[in-house]
Amino acid sequence: MSTETKPPVRRVTVPQIAARKGGEPIVSLTSYHAHTAAIVDRYADFILVGDSLGMVMHGMETTVGVPLELMIMHGRAVVRGTRRALVVVDMPFGSYEESPGVAFRNAAKILKETQCGAVKLEGGKRMAETIRFLTERGVPVMAHIGLTPQSSHVMGGFKTQGRNEDSWPLHIEDARAVAEAGAFAVVVEGVVEPLARKITRAVAIPTIGIGASAECDGQILVLEDMLGLGEQAPKFVKVYGRLGEEIEAAVKAYATDVRDRSFPGEDQVYR
Ligand code: KIV
């Protein structure tokens, strides 16, 4: 048994995130496993177990095929690997749209089985009734508007929103509706800068931008994108590392060592 004493679990809370509106920018990243989450935990205010894991980890073309059980499995791992950040778990497509009752049942399952602090769901005005139903029953909800990947089939792909100014009132209405329904924060994805500014000014809850400029109250990126682990990252991603190249170089060196019998060497052998 290990005698190592771990620091106590003391997490950022939902009200603390909500209170950051207009203040110090909120830092957030996605994470899907215990080991990356433990690193992110030291720097982020909240960690999102995003359903992007279907594409990033499981090779799916969209997030539509992600099952609830997969979100719960990754959510558990991230909660276990962290002790500081608020952990938010995405509700996958099909787990909340049918009715507020279905949404509550699945949100409660996520909270109970992962021990996360909040759930996130996509949709603005159309999901307001569900957000109210959940928040009134003790489920903290982060909303997600603008480019909503679970609707990519309807939208015709992953398209930047708000290029046409005529659409702005609808996006602003979405933001107001989720805020009034009780969401504690809202992810604003893939919208042009002037729209992001208007949305941020229109609501009293923090806006968390991804591809939505610095006009938001916080930022989120998919960890693997900013680490340079995937293929071509989208324009809005600043790539802070080149892990894909480093992994390739390490795997190549290992394969060479095994083939020429230089691994295992003296240092790796039990005598
Ligand atoms: O699934 C996800 O990773 C997300 C972020 C892109 C906000 O929803």
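Parameters at a glance
Residues numbered from 1 in each chain as written. Predicted model: local features only at pLDDT ≥ 70, side-chain atom pairs only at ≥ 80, totals over all residues. Heavy atoms only, no water. Pairing = 2+ DSSP bridges. Helix = DSSP H or I, 4+ residues; strand = E, 2+ residues; numbered from the N terminus. Axes fitted to C-alpha atoms, helices over the stretch in contact; angles between N-to-C directions. Contact = heavy atoms within 4.5 Å. Near = heavy atom within 4 Å. Polar contact = N/O pair within 3.5 Å; in protein donor to acceptor, adjacent residues only side chain to side chain. Areas by Shrake-Rupley, 256 points an atom, 1.4 Å probe, with all protein chains shown as cover. Nonpolar A, V, L, I, M, F, W, Y, C, P; charged D, E, K, R; others polar. Domains from an automatic or database assignment. Left-handed = near helix turned anticlockwise from the far one by under 90°. Buried < 20%, exposed > 50% of the residue type's maximum accessible area, 1.4 Å probe, protein only. Right-handed = clockwise from strand over helix to strand, strands pointing away. Core = buried A, V, L, I, M, F, W, Y, C linked by side-chain atoms within 4.5 Å.

A. Examining the sheet that holds strand β6 (residues 185-189) more closely. The sheet built from eight strands closes into a barrel, its strands ordered β1-β2-β3-β4-β5-β6-β7-β8 with parallel pairing. Pairs of neighbouring strands in the sheet enclose a mean axial angle of 25°, with direction left out of account. The sheet contact formed by strand β2 (residues 46-49) and strand β3 (residues 86-90) spans four bridges and is parallel. The partner of Ile-47 across the bridge, within β3, is Val-87. Against the sheet, helix α6 (residues 128-136) engages β4 (118-122) and β5 (141-146), with an angle of about 165° to β5. Packing against the sheet, helix α8 (residues 168-181) makes contact with β5 and β6, and its axis sits at approximately 175° to β5.

B. How the structure looks around the site of the ligand. Taken together, Thr-30, Leu-48, Gly-50, Asp-51, Ser-52, Asp-90, Lys-120, His-144, Val-187, Ile-210 and Val-222 form the complete shell of residues around the ligand. Residue Lys-120 places a side-chain N or O atom 2.9 Å away from an oxygen atom belonging to the ligand. Starting from 260 Å² of accessible surface for the ligand in isolation, the protein chains cover 95%. Within the shell around the ligand, the residues separate by chemical class into four nonpolar, four polar and three charged.

C. How the structure looks around the domain arrangement of the protein chain. The domain boundaries assigned to the protein chain delineate domain 1 (14-240) and domain 2 (243-271). Centre-to-centre separation of domain 1 and domain 2, based on C-alpha positions: 39 Å.

D. A look at the packing of α8 against helix α9 (residues 193-202). Two numbers describe how α8 lies on α9: the axes approach to 9 Å, and their chain directions differ by 35°. Handedness of the crossing formed by α8 with α9: right-handed. Note on element contacts: α9 touches α8 through Pro-194, Leu-195, Lys-198, Ile-199 and Ala-202, opposite Trp-168, His-171, Ile-172, Ala-175 and Arg-176. Classifying every residue of the contact of α8 with α9 by side-chain character gives seven nonpolar, one polar and two charged.

E. Structural detail: the pairing of β4. Of all five residues that make up β4, five are buried, and the element is covered over most of its length. Burial of β4 is two-sided: the residues Ala-118, Lys-120 and Glu-122 facing one way and the residues Val-119 and Leu-121 facing the other way are all buried. Bridge count between β3 and β4: three bridges; the pairing is parallel. Of the residues in β4, the one forming a bridge with Val-88 is Ala-118. Following the backbone out of β3, through helix α5 (residues 100-114) and into the adjacent parallel β4, one traces a crossover that is right-handed. The handedness of the β4 to β5 crossover, carried by α6, is right-handed.

F. How the structure looks around the nonpolar core. Among the nonpolar cores identified, the biggest contains 60 residues, and Ile-110, Val-119, Leu-121 and Ile-131 are the most heavily contacted of them. Counting residues in hydrophobic clusters, the runner-up holds 16 residues, among them Phe-46, Phe-184, Ala-185 and Val-187.

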